[in-house]
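Overview (structure and organization)
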Amino acid sequence: MELRPVPGLLQALAMLPLTHNELVEAVEIALDDNPMLERASGATCPSCGRPRPGGQCTNCAHARPSSETLASPFDELAALAMCEVRTECRPVMALFLDHLTVRGLLDSDAAEIADLHGVPLAHVTECIRAVKAVGSVGVAERTVPELLAAQARVLVDSECADPWLVDLVRDHLALVAARDSNQVARLFATSEIAASRAFELIARRMRPFVSLGDDTQPVVRTPPDIVVSKNAEGVLGIEVEDSTWFGLRVLAVPEELASHAEASEWLLVHQRKAHDLIRQLDARANMLTQIVRAAVEYQSEYFDQGPRAHRPLTRSHLATLVGVHASTVSRAVKDKRLRLPDGNVVDFADLFGTAVAVRSHLSALAQGTAMSDRQLCAELSARGFTVSRRAVAKYRAQLGIAAGGSRS
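These notes cover the structure that comes with them. Keep in mind that what you see is a predicted model, and the values were worked out from it rather than measured.

A short note on the environment of L187
Mapped onto the elements of the fold, L187 is located in helix α10 (residues 181-187). Assessed through its relative accessible area of 39%, L187 is described here as partly exposed. Put simply, L187 and L168 are 19 residues apart on the chain and 9.3 Å apart in space, counted from C-alpha to C-alpha. Not counting residues up to four positions away in its chain, the partners in contact with L187 are H172 and L175.

Structure (structure tokens):
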């Protein structure tokens, strides 16, 4: 007896390395080429979740919405936010956007919005995150001081302003309005010249409203390949594209052509190809889901605590856990992007590695200290990491941290 993979399985494995955009392109080509394959009427767009009659979605199309399809800058924000927000939160997004004022501020806090509409607070919080991720700086803040503070943080991060500017615009707008440089200088232990420069920067670079209608091309965010979410009970869920996600269905051979041998045979060939594509998409989704679920369960503490709680994991070890070949795991991981429950998007490969936690702890220990590599070894050992001095020196070099005697 000889075990041989069937052609359908081989095709599914061939699809496994495809990224989100590559898979979307493959499906769109199949829809154009195969007369027996169509997107079900009323199927929702896999990116923004809005109903569409078929073909490309006019709301997103995986690119910036055109001016012809958008009545206002708020419509553009809504379309981009629908692409960004997690799937289960999309119904709440439409309700949430109604609470944005003309300044781009929220007229209620998250808890009030959740209570008003009877929706989970976590869904409203996710909508706030998504809108802030795709919108202009300060959007979805509650007050003008909070909006100005968000703008100030951008200036501070770009080294255009001193860190105290955030506190100034958030807590002391009266001093800004009065241009009281003397009081600001005393309050923040700076000079009156620095305070006056801050007033000028606020006047030139900051606005008490969200800039929605500028000509700046927004960042087009590629949807992640895998979405990991967490429900109210703390259970992690996984979303991967399958045939249902694309809204695909196979047509039946029309009765009027069934009796026509040549036409019927031609349509049956395309019908079989359509069935094969759907099976391959579902097989790919099933395999990818198994691999992702195993990795997510293994790294569950990483999702709660970050890199410091990362467990050593190799592709070979995960392949053993799933019961597949290591090359299958490698194809599944290659070039994939994974959205974490907090909304951040990382490489799927970030879940793998044997020294992620060690590097994270080492970075925290070494910054701002003059500990030698031997002392770092001892401290890491006390935290449960058995690492040689040579390994510490290697990791320190990879992190760009100077030797103990050179650190300040």
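Some remarks on the packing of helix α5 (residues 110-117) against helix α6 (residues 121-134)
Close contact between α5 and α6 brings their axes to 9 Å; oriented N to C, the two are set at 125°. When the interaxial angle is binned, α5 and α6 end up oblique. At the point where α5 passes α6, the crossing takes the right-handed sense. Along the contact surface, α5 presents A110, A111, I113 and A114, while α6 presents L121, V124 and I128. Its residues assigned to classes, the contact of α5 with α6 comprises 7 nonpolar, no polar and no charged.

Here we look at the nonpolar core
Counting residues in hydrophobic clusters, the biggest one holds 50 residues, and the most contacted among them are M93, F96, V124, V131, L165 and L168. Residue assignment for this core shows that the elements contributing at least two residues are α3 (73-84), α4 (90-97), α5, α6, α7 (144-157), α8 (164-171), α9 (173-178) and α11 (192-205). With near-sequence residues (within four places) excluded, F96 lies in contact with L106, I113, V124, C127, I128, V131 and A140. By size, the runner-up hydrophobic cluster in this structure holds 28 residues, among which are V240, A295, V322 and A332.

With respect to a negative patch on the surface
Negative charge collects at one region of the surface, where D107, D109, E112 and D115 lie side by side. Mapped onto the fold, D107 is located in the loop between α4 and α5.

Considerations on the pattern of salt bridges
Applying the stated criterion to the full structure yields 12 salt bridges. The partner of R170 in a salt bridge is D167, and the shortest N-O contact between them spans 2.4 Å. With R170 and D167 both in helix α8, this residue pair falls 3 residues apart, about one helical turn. You can call R170 partly exposed: its relative accessible area is 31%. Residue class for D167 comes out partly exposed when judged on its relative accessible area of 31%. Where K334 meets D335, a salt bridge forms, and the shortest distance between an N and an O atom there is 2.8 Å. Judged by relative accessible area, which is 45%, K334 ranks as partly exposed. In this structure, a network of salt bridges that share partners links the residues D167, R170 and D171.

Quick notes on the packing of α7 against α8
Packing of α7 against α8 brings their axes to within 8 Å, and their N-to-C directions diverge by 165°. Classified by the angle their axes make, α7 and α8 are roughly antiparallel. Crossing geometry of α7 relative to α8 is assigned as right-handed. Of α8, the residues touching α7 (which contributes P145, L148, A149, A152, R153, L155 and V156) are L165, V166, V169 and R170.

Notes on the packing of aromatic side chains
How two aromatic rings sit relative to each other is given by the distance of their centres and the angle of their planes. Taken as a whole and judged by the stated rule, the model has 4 aromatic pairs. Positioned above the aromatic ring of Y298, the side-chain terminus of R311 is 3.8 Å from the ring centre. The ring of F352 carries R315 above its face, with NZ or CZ at 4.9 Å from the centroid.

Things to note about unusual backbone geometry
Its identity is not glycine, yet E159 carries a phi of approximately 60°, on the positive side. As for its position among the elements, E159 is in the loop between α7 and α8. Taking relative accessible area as the criterion, E159 reaches 72% and is therefore assigned exposed. A positive phi angle, near 50°, is found at R179, a position not held by glycine. Following the sequence through the fold, R179 ends up in the loop between α9 and α10.

Procedures and definitions
Residues numbered from 1 in each chain as written. Predicted model: local features only at pLDDT ≥ 70, side-chain atom pairs only at ≥ 80, totals over all residues. Heavy atoms only, no water. Helix = DSSP H or I, 4+ residues; strand = E, 2+ residues; numbered from the N terminus. Buried < 20%, exposed > 50% of the residue type's maximum accessible area, 1.4 Å probe, protein only. Contact = heavy atoms within 4.5 Å. Axes fitted to C-alpha atoms, helices over the stretch in contact; angles between N-to-C directions. Parallel < 35°, antiparallel > 145°, perpendicular 65-115°, else oblique. Left-handed = near helix turned anticlockwise from the far one by under 90°. Nonpolar A, V, L, I, M, F, W, Y, C, P; charged D, E, K, R; others polar. Core = buried A, V, L, I, M, F, W, Y, C linked by side-chain atoms within 4.5 Å. Patch = residues over 30% accessible without salt bridge, like charges linked within 9 Å, V, L, I, M, F, W, Y side chains within 5 Å. Areas by Shrake-Rupley, 256 points an atom, 1.4 Å probe, with all protein chains shown as cover. Salt bridge = Lys/Arg side-chain N within 4 Å of Asp/Glu carboxyl O. Lys, Arg positive; Asp, Glu negative; His and termini not counted. Charge placed at Lys NZ, Arg CZ, Asp CG, Glu CD. Phe/Tyr/Trp six-rings, centres within 6.5 Å; stacked < 30°, edge-to-face > 60°. Lys NZ or Arg CZ within 6 Å of the ring centre and 35° of its normal.

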